[in-house]
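Analysis of the macromolecular model
Chain by chain, the residues:
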Amino acid sequence: MKKLISLLCIVVMVFAFIFHASAQSLTTGSKGDYHIDLSGSWFFQVDSLDQGIKQQWYNRQLKEKVTLPGSMTTNGKGNNITVSTPWTGSIEDSTWFHNPAYAKYRVPGNVKVPFWLQPDKYYKGAAWYQKSIDVPKAWQGKYIELYIERSHWETTVWVDGKPVGMQNSLATAHVFELSGLKPGRHQITVLIDNRVKSFNVGQNSHSISDHTQSNWNGMVGRLSLNAKPAIYINDIQLYPNIKAKQVTARVSIRNITGKAGDVSLNLLALSNKPGTAKLKPKYVTRRVTKNTVVEVVYPMGDHPLLWSEFTPDTYQMLVKLSSKQAGVDQSIVTFGMREFLTNGTQFTINGQPTFLRGSLECAEFPKTGYPPTDLESWTRIFKICRSYGLNHLRFHSWCPPDAAFEAADNLGFYLQIECSSWANQGATIGDGKALDEYIYNESRSIVKAYGNHPSFCMMAYGNEPAGKNMVKYLSDFVTYWKARDQRRLYTTGAGWPIRNESNFNSTPLPRIQQWGQGLKSIINNEAPRSDYDWADIIKKYKHPTVSHEIGQWCVYPDFKEISQYDGVLKAKNFEIFKDQLEKNGMGALSEDFLQASGKLQVLCYKADIEAALRTPGFGGFQLLGLYDFPGQGTALVGVLNPFWKDKGYVTSKEYSEFCNAVVPLIRLPKMIYLNNETLSAPIEIAQFGAATLKDVAPSWDIKNEKGDILFQGKLNKTSIQPSNGIKLGDINVALAGVKEPSKLKITVYVANYQNSWDVFVYPEILPAIEQQTVISQTLDQKAIETLANGGKVLLTLKKGTLKPNKGGDIAIGFSSIFWNTAWTKSQPPVTLGILCDPKNPALKEFPTQAYSNWQWWDGITHSNAIILTEVSATIKPIVRVIDDWVTARPLGLIFECKVGKGRLIVSGIDLLTDQEKRPEARQLLYSLKSYMNTDSFSPAVEVNLEKITSLYK
């Protein structure tokens, strides 16, 4: 607030003392002389039959009313949702339309769709908006414009029945010139059409899709009629040069008087930071004709403030234009002195290496169904992102309103902007279609509107392109922009193609789970470790690589979230999933499923993020995502929900330990040890902070679950310059002193930063157990007789022997679900980890939390999940598997039951095969055997023998 007051005082003084500008000359004077607010009530009419133009609706008064800014949906206009609603977006899984299980959700009045958030009303087509305005006498002879900050999206305007024009940008304001409009009353009629027409940006583009913000129809943000002098400032573009300590201003002046005239320009840059040296104004004169560009080099002093994530210092350039013919016009433009470049394979900000820690922003706004245009909303989003350690947002196939850039400027965020397109799934780029020209027009509009913002650091055409000629088109696109405007960096498309012309690569290759990789990925196919990186992937490239859409790790739906959807979009998908869980008798477990799967989700994200941070010379990552993606079949990939609220299983402080400007790292060759081994691992750091960490003394410790320090050490005192892959020292610990099976936490401390990893240590030699239990991989004759005689049997099924209809066809894996099962066509795994009671006596000798951690990797990769209802509807398993929320089947890994006189534990984990190479399996087997030798082993549920024998082949 103090900064804002300081800035306002400076502005007032400067205008009063230097520019001598009167209130009457202001473009937006306090008396409203040059600005008419058009928000409020508008006449309205739907044109579903496209009769409006033919019947000249612009010449008559429309029948209904709506309130703007807003959409048809926020005004309760449109059609009820039905099975025939003409959605905008591809539906990869059409099960909902024909499966009897969804029949009740297709009934009129109770329609609920699972693919995305569901609007209260829906309409796609032409709609008319109309308002009468009074033009003041003072506007005679001036430039007049109709300003619509964000329209969705093809907008055609008539004034008093006369056509004005059409605009169709999805990213920038629609501005219509109305010069020549005489003082008095006039009728403005606006036709908005939200259908894909002459060009197709792609039905899944986040700029238009129902997967995200919704395909709304309306006008939002600032709606106004504005007037300017007949010679006015049309545009200002500022080009900072931090080495020369100057900024080049290109001021576009438009003259509608019909006569050439002399003008004077006054420029003054102001900072709102206290103590900053005051700069001097610069004055130039020019003769202007119809359209004139005046270029002025403005000195920024000896010590200009530089903008970055650590010092988000901006300037305001005040430009005043004066002419005897038309009077005074003036404008204020925010800019920053910054240089966002590359040095080899890394990004730099003002010459210092930086690492992009980003997430996607996918245009999800459930309250309204369209993006906010106010500073407060965007400031909240960026502050939340910063609290989770981020410094970067990528706007997936859309461009936000100006308020987002302003908030990012203020908080120091690096933005990647895209030109409203995801040309795939029915659309292509580079094949000579109308979209090819549209993308150039859209990109020029975006750069003109937002190009001065220092946060606007990167631009791509859009997301994951398709097209026979896309490579040449996108290469040419990058070349065009590199030559035209060097204030930011450019790449072809998010995801692909990789081209030498690009300033940086965007590729999905450097991540721990690829699309379609299933159980062959690093996290599902390789034993847990933290010593891998992406050096081999990026070594062939000469410029930075950003890993595209890493993560995509899912969590179970938070059904408490349903009540938060009190706007135009409702979580009907969650209602369907909740019904399914309750139908299968597990409604009471929903919160446990959320918390347990959430902990696994965080583990997976930590692995993904740290791999990127470990890679020397890496450019950065873009998460998908920090918050949920409610579309594409419901992709619950966020630790935050679509309202940017946390779900209760990880805090921003915990998350930012492994996602931050400075992150201590350790290269562990494995996570599971025996106590006859030595834990040896190099400690390193990714350090992309504001400056060198001087004279720091890194340290480490290893604690048990009680918090007791078992081992600790200090590393050599050092100074750490910004970079990564910096080795600080080693941990070398003989584990012989760890006598009990233990979960240990390794923590590394560097300055004010720390990061931790769980490892598990088991005894090399296990205590002898009296053999009271028959252990078998089938219920052979001996096992059956043992049960019949009141004995105890441990059935440990070999992986692959469980019958398909009993769970054998369920693709279980260690990681969480990748993206979701609907959009990936059930890419494995289709499960969300385990849920258990850590205090269950069966697990006493196998330390565990309630959720999957690294010690469960071996068991899960050697298992099949058993459908519990194929055994008994009342069994409560020792270890449960969390199924996909769509099917919500009751699944178990380990359960106990009575069989006749005997007692049985069934393990879907193979605990016998290659046991000498699997310390986790050996320890878990020991824990189960120990439990079965106690009086606590007293199963409550009785099951027929045939139910058990029918489980396996």
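Residues numbered from 1 in each chain as written. Predicted model: local features only at pLDDT ≥ 70, side-chain atom pairs only at ≥ 80, totals over all residues. Heavy atoms only, no water.

The next point concerns the nonpolar core. In terms of nonpolar packing, the biggest core is built from 195 residues, with Trp378, Tyr655 and Leu668 touching the most fellow members. Dropping the residues within four chain positions of it, Tyr655 is found in contact with Tyr388, Tyr605, Ile609, Leu623, Leu626, Val639 and Val650. By size, the runner-up hydrophobic cluster in this structure holds 33 residues, among which are Ala249, Val288, Leu321 and Phe335. (Core = buried A, V, L, I, M, F, W, Y, C linked by side-chain atoms within 4.5 Å. Buried < 20%, exposed > 50% of the residue type's maximum accessible area, 1.4 Å probe, protein only. Contact = heavy atoms within 4.5 Å.)

Moving on to the sheet that holds strand S21 (residues 346–349). One open sheet holds the 3 strands; their spatial order is S20-S21-S22, and the pairing between them is antiparallel. In this open sheet, the two edge strands, each paired with only one partner strand, are strand S20 (340–343) and strand S22 (352–354). Taken pair by pair, the neighbouring strands of this sheet meet at an average axis angle of 50°, ignoring direction. (Pairing = 2+ DSSP bridges. Helix = DSSP H or I, 4+ residues; strand = E, 2+ residues; numbered from the N terminus. Axes fitted to C-alpha atoms, helices over the stretch in contact; angles between N-to-C directions.)

Helix-helix packing is described using two parameters, namely the angle between the two axes and the distance between the axes. The N-to-C vectors of helix H3 (residues 375–387) and helix H4 (residues 402–411) enclose an angle of 45°; their axes lie 8 Å apart at closest approach. Judged by the angle between their axes, H3 and H4 are oblique. For the crossing formed where H3 meets H4, the hand is right-handed. Counted together, Leu375, Trp378, Thr379, Phe382, Lys383 and Arg386 of H3 and Ala403, Ala404, Glu406, Ala407, Ala408, Asn410 and Leu411 of H4 form the full contact between these two elements. Its residues assigned to classes, the contact of H3 with H4 comprises 8 nonpolar, 2 polar and 3 charged. (Parallel < 35°, antiparallel > 145°, perpendicular 65-115°, else oblique. Left-handed = near helix turned anticlockwise from the far one by under 90°. Nonpolar A, V, L, I, M, F, W, Y, C, P; charged D, E, K, R; others polar.)

Further remarks concern the packing of helix H5 (residues 434–450) against helix H6 (residues 470–484). Following both chains from N to C, one finds H5 and H6 inclined at 25°, their axes separated by 12 Å at the closest point. With respect to H6, the element H5 is oriented roughly parallel. As for the relative orientation of H5 and H6, their crossing is right-handed in sense. Judged by residue contacts, Leu435, Asp436, Ile439, Tyr440, Ser443, Arg444 and Val447 of H5 engage Tyr473, Asp476, Phe477, Tyr480, Trp481 and Arg484 from H6. Residues that form the contact of H5 with H6 fall into these classes: 8 nonpolar, 1 polar and 4 charged.

In this section: the UniProt feature "domain: Glycosyl hydrolases family 2 sugar binding" (unreviewed entry) in the chain. The sites that UniProt annotates as "domain: Glycosyl hydrolases family 2 sugar binding" (unreviewed entry) are residues 38–229. Helix makes up 2% of residues 38–229 and strand 39%, and the two end C-alpha atoms of the span are 21 Å apart. (UniProt positions renumbered as here; feature names shortened; annotations may be inferred.)

Now for the pairing of S20. Summarising the sheet, S20 and S21 pair through 4 bridges and their orientation is antiparallel. Pairing of Leu341 across the sheet is with Thr348, part of S21. What sits between the antiparallel neighbours S20 and S21 is a turn of 2 residues, in which Gly344 has the positive phi angle 65°.

Counted by the stated rule, this structure contains 39 salt bridges. Residue Glu64 is joined to Lys77 by a salt bridge in which the shortest nitrogen-to-oxygen separation is 2.6 Å. With a gap of 13 residues between them, Glu64 in strand S3 (residues 64–68) and Lys77 in the loop between strand S4 (70–71) and helix H2 (95–98) connect regions that are remote in the sequence. A relative accessible area of 34% means that Glu64 is categorised as partly exposed. (Salt bridge = Lys/Arg side-chain N within 4 Å of Asp/Glu carboxyl O.)

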